[in-house]
Amino acid sequence: MTFISPEMLVLLAVVPFGIVVYRRVDAQRRARAAELAALGFSPASGRRQPRAPHLPAAIFLTALALMAVAAARPQLKVGLPHRQGTVILAFDASNSMQATDLKPTRMEAAKSAAKQFIDAQPSSIKIGVVAFNNGALVTQQPTSDRPEALAAIDRVASAGATSLGQGIFASLSAIAGKPLSLPENASADDLANIDIGYYGSAAIVLLSDGENTSGPDAEAVAQLASTAGVHIFPIGIGSTDGTVLQIDGFSVATALDEQSLKQIASVTNGAYFNATDSATLTQIYRTIDLQTVTDPKLTEVTAVFTGLSTLLLLVGAALSMVWFGRLV
């Protein structure tokens with residue numbers, strides 16, 4: 001316990017002073033009662049003598065002590081439980097995301113879907129952002145600051161090839177809050193031997209057209225996420241009919257690969273969504289297994305001490321009046 005005004009604890013000196021005063025008054029009363037008894041006077045027969053005659057005085061003194069503590073404005077660390085979780089928005093930032101089969105482009109459609117998702121989240125959800133092509137980068141660590149997350153989304157630009165595995169692995173690194181080492185040309189066995197911990201209240205929203213062009217194997221990394229308790233919710237960006245994209249003077253055919261994204265979702269007990277179905281995106285956070293955490297915070301409890309002292313004063317006064325017909 002700490003105090004905002006600790007100097008007020010000097011008022012506790014009233015307690016021993018009160019004990020001294022009470023003992024003197026009680027001694028005087030006993031002496032007076034003895035004198036009256038010697039003269040043939042006796043206490044009123046209608047009032048029973050209490051078994052604990054000093055109890056009202058003890059209650060009064062305890063109330064005074066609590067008042068003195070209340071005057072010092074005490075503070076206690078009180079644990080306030082709340083639900084929280086972490087969601088990583090992993091953006092496919094490859095060249096194929098420049099395609100226009102979703103208007104204005106796949107990338108802009110992905111950003112729009114991600115922003116809708118953020119708007120639907122409760123404040124207890126922390127949002128992180130990862131951008132990946134043939135490599136991956138954590139562009140925003142998980143944060144409760146919505147403007148920072150939105151700004152990180154706006155900075156994502158498309159270039160290069162696609163590695164869904166790199167994107168998922170970088171997302172796991174952001175969830176773990178530490179850099180994770182991915183062995184070069186990592187096999188499924190190499191990935192299975194990586195222990196990143198358990199994060200049951202975390203999820204990855206994977207925004208991609210699903211066209212995977214480089215390693216590591218996305219399903220093997222998804223299995224690593226599943227072992228860590230992380231669900232992946234892929235959001236398909238693009239059309240299954242596809243389109244032709246001009247990249248550096250070459251015509252490149254590109255189409256949404258839903259099957260690949262559905263397999264990733266299945267491995268992690270997640271769910272697949274399509275970016276054109278924006279109404280379902282708000283359901284993603286409801287499937288995240290949020291954890292209950294307790295954050296101890298200093299809370300002033302002056303009112304508690306004041307209330308207890310007032311209650312004790314009333315109890316002490318009531319007992320004294322019933323037992324003695326007077327206050328203490």
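A brief structural summary. (Residues numbered from 1 in each chain as written. Predicted model: local features only at pLDDT ≥ 70, side-chain atom pairs only at ≥ 80, totals over all residues. Heavy atoms only, no water.)

### Topic: the pattern of salt bridges
Throughout the structure, instances matching the rule amount to 5 salt bridges. With a shortest N-O distance of 2.6 Å, Asp 154 and Lys 115 are connected by a salt bridge. Residue Asp 154 is found in helix H4 (residues 146-155), and its partner Lys 115 is found in helix H3 (residues 106-119); the two are separated by 39 residues along the sequence. Judged by its relative accessible area of 45%, Asp 154 falls in the partly exposed class. (Salt bridge = Lys/Arg side-chain N within 4 Å of Asp/Glu carboxyl O. Helix = DSSP H or I, 4+ residues; strand = E, 2+ residues; numbered from the N terminus. Buried < 20%, exposed > 50% of the residue type's maximum accessible area, 1.4 Å probe, protein only.)

### With respect to the packing of helix H2 (residues 55-71) against helix H9 (residues 302-324)
In a packed pair of helices, the relevant descriptors are the angle between the two axes and the axis-to-axis distance. At their nearest, the axes of H2 and H9 sit 8 Å apart, and the two run at 160° to each other. By the criterion of interaxial angle, the relationship of H2 to H9 is roughly antiparallel. Where H2 crosses over H9, the two elements pack in a sense that is left-handed. (Axes fitted to C-alpha atoms, helices over the stretch in contact; angles between N-to-C directions. Parallel < 35°, antiparallel > 145°, perpendicular 65-115°, else oblique. Left-handed = near helix turned anticlockwise from the far one by under 90°.)

### Remarks on the side chain of Ser 260
Inspection of the secondary structure assignment puts Ser 260 in helix H8 (residues 258-267). Leave out the neighbours within four places in its chain, and Ser 260 touches Leu 164 and Gly 210. (Contact = heavy atoms within 4.5 Å.)

### Side note on unusual backbone geometry
With an omega of -5°, the peptide bond between Lys 103 and Pro 104 qualifies as cis. Structurally, the position occupied by Pro 104 is in the loop between strand S2 (74-92) and H3. The residue Asn 269 is not glycine, and still its phi comes out positive at about 60°. Looking at where Asn 269 falls in the secondary structure, it is placed in the loop between H8 and strand S9 (273-274).

### Digging into the packing of helix H1 (residues 14-38) against H2
Where H1 contacts H2, the two axes come as close as 9 Å, and the packing angle between them is 160°. Between H1 and H2, the crossing angle belongs to the class labelled roughly antiparallel. When the axes of H1 and H2 are compared, the crossing they make is right-handed. Facing H1, whose interface residues are Val 14, Val 15, Gly 18, Ile 19 and Tyr 22, H2 presents Ala 57, Leu 61, Leu 64 and Ala 65. Counted by class, the contact of H1 with H2 contains 8 nonpolar, 1 polar and no charged residues. (Nonpolar A, V, L, I, M, F, W, Y, C, P; charged D, E, K, R; others polar.)

### Describing the side chain of Gln 140
Within the secondary structure, Gln 140 is located in strand S4 (residues 136-143). Excluding anything up to four places from it in sequence, Gln 140 contacts Ile 127, Gly 128, Val 129, Glu 148, Ala 149 and Ala 152.

### Structural notes on H1
Between its terminal C-alpha atoms H1 stretches 36 Å, which fits the 36 Å expected from 25 residues at 1.5 Å a residue. Within H1 the residues assigned to the buried category are Val 15, Gly 18, Tyr 22 and Asp 26. Looking at the buried positions of H1, the neighbouring elements they touch are H2. (Expected span 1.5 Å × (residues − 1).)

### Digging into the environment of Val 304
Residue position: Val 304 is located in helix H9. Here Val 304 falls in the partly exposed class, since its relative accessible area comes to 47%. Along the sequence, Val 304 and Pro 74 sit 230 residues apart, while their C-alpha atoms lie 9.5 Å from each other.

### Digging into the nonpolar core
Judged by nonpolar contacts, the single largest core of 32 residues is most densely connected at Leu 172, Ile 204, Leu 206, Val 230, Ile 232 and Ile 264. Listed by contribution, the elements that provide at least two residues to this core are S2, strand S3 (125-132), helix H5 (164-176), strand S5 (202-208), helix H7 (218-227) and H8. At 7 residues, H5 tops the list of elements feeding residues into this core. Apart from the residues within four sequence positions on either side, Ile 204 is in contact with Ile 88, Ala 90, Ile 168, Ser 171, Leu 172, Ile 175, Val 230, His 231, Ile 232 and Phe 233. Within the second largest apolar cluster, 28 residues are counted, among which are Leu 102, Met 107, Ala 113 and Val 156. (Core = buried A, V, L, I, M, F, W, Y, C linked by side-chain atoms within 4.5 Å.)

### With respect to H7
Every buried residue of H7 is accounted for by Ala 218, Ala 220, Val 221, Ala 222, Leu 224 and Ala 225. Looking at the buried positions of H7, the neighbouring elements they touch are H5, helix H6 (188-192), strand S6 (231-236) and H8. Within two residues after H7, Gly 229 carries a phi angle of roughly 80°, on the positive side.

### Considering the pairing of S5
The element S5 is extensively covered by neighbouring structure, given that 7 of its 7 residues are classed as buried. The alternating pattern of S5 places Ala 202, Ile 204, Leu 206 and Ser 208 and Ala 203, Val 205 and Leu 207 on opposite faces, both of which are buried. Relative to S6, S5 runs parallel, the two sharing 6 bridges. Within S6, the residue paired with Val 205 across the bridge is Phe 233. For the handedness criterion, the β-α-β arrangement of S5, H7 and S6 is classed as right-handed. (Pairing = 2+ DSSP bridges. Right-handed = clockwise from strand over helix to strand, strands pointing away.)

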